[in-house]
Amino acid sequence: MNKCEQCIVRQLSSLKALTKDEIIRLAECKTSYTVKKGEPLFTEGENVNGVFCIREGICKMTKLSANGNEQIVKLTAKGELLGQRSMISEEPVNLSAVALDDMEVCFIPKTEVMGFFNRNNQFSLQVMKTICGGLKEADDQVVAMAQKPVRQRLAETLLYLHDTFGVHDDNSLRVKLTREELAGIVGTATESCIRLLSEMNKLGIIRLDGKKIIINNPTALSKV
């Protein structure tokens, strides 16, 4: 019970609306485990029958295009719940979730979560707010892809990775993405992404060290 009461997921997600008795029930029914880097939490089209709580680590949410290419839709980190939308809609998950580093997650069965949803109005309201927030982000992303130039989208993505997920001791971005993955988030060809990174590197805005990306000048990057 104490772990669930103090857990970062509960403090930052819709679980904060649960009562003390519901938290006790949550602690009794959840399953905790480790997901190794590169392993999937779930795969697009799967029926997950519950909610995943991210206690530690980062995962990428991806979708396969018609030609079989993987598109990163978003990144998620500790404090977030995965699977709420498909649970409410009673449909298979629309995205895959793959660990970018070793993750600690808890799984809460759908029967228990829906019990909380049906009995606790504040919890159900928080769940719906979270789902609505995700839809708003998706709308904003569509507009950004259509209206903002690639250079600006890349700069915004780098700042997002820096501000949201932090850096290592050497100041390199904590989230390590391949150039293909980064291009997928930005919504451009890999070659264009590599060229723009090289330009920013020459200007001293960022520094490239192998696969590592170090943001030397966040202010200059924000002006891009």
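Not measured: the values here are computed from a predicted model.

Re the side chain of Glu 181
Structurally, Glu 181 is set in helix H8 (residues 179–186). At 2.6 Å, the side chain of Glu 181 and the side chain of Lys 60 are in polar contact. Only 3.0 Å separates the side chain of Glu 181 from the backbone nitrogen of Thr 178, close enough to count as a polar contact. With sequence-adjacent residues up to four places away left out, Glu 181 is seen in contact with Lys 60, Ile 72 and Lys 176.

Structural notes on the sheet that holds strand E1 (residues 31–35)
Reading across the sheet, the four strands line up as E1-E8-E3-E6 and stay open at both edges, with antiparallel pairing between neighbours. The open sheet terminates on both sides in strands that have one partner only, identified here as E1 and strand E6 (81–82). Across six bridges, strand E3 (residues 50–56) lies against strand E8 (residues 103–109) in antiparallel orientation. What sits directly across from Val 51, in E8, is Ile 108. Helix-sheet contacts for helix H5 (residues 110–119) involve E3 and E8, and the interaxial angle to E8 is about 70 degrees.

Comments concerning the UniProt feature "domain: HTH crp-type" (unreviewed entry) in the protein
The UniProt record annotates "domain: HTH crp-type" (unreviewed entry) at residues 148–219. Structurally, residues 148–219 is divided into 54% helix and 11% strand, and its ends, taken at the C-alpha atoms, are 19 Å apart.

Parameters and conventions
Residues numbered from 1 in each chain as written. Predicted model: local features only at pLDDT ≥ 70, side-chain atom pairs only at ≥ 80, totals over all residues. Heavy atoms only, no water. Helix = DSSP H or I, 4+ residues; strand = E, 2+ residues; numbered from the N terminus. Polar contact = N/O pair within 3.5 Å; in protein donor to acceptor, adjacent residues only side chain to side chain. Contact = heavy atoms within 4.5 Å. Pairing = 2+ DSSP bridges. Axes fitted to C-alpha atoms, helices over the stretch in contact; angles between N-to-C directions. UniProt positions renumbered as here; feature names shortened; annotations may be inferred.

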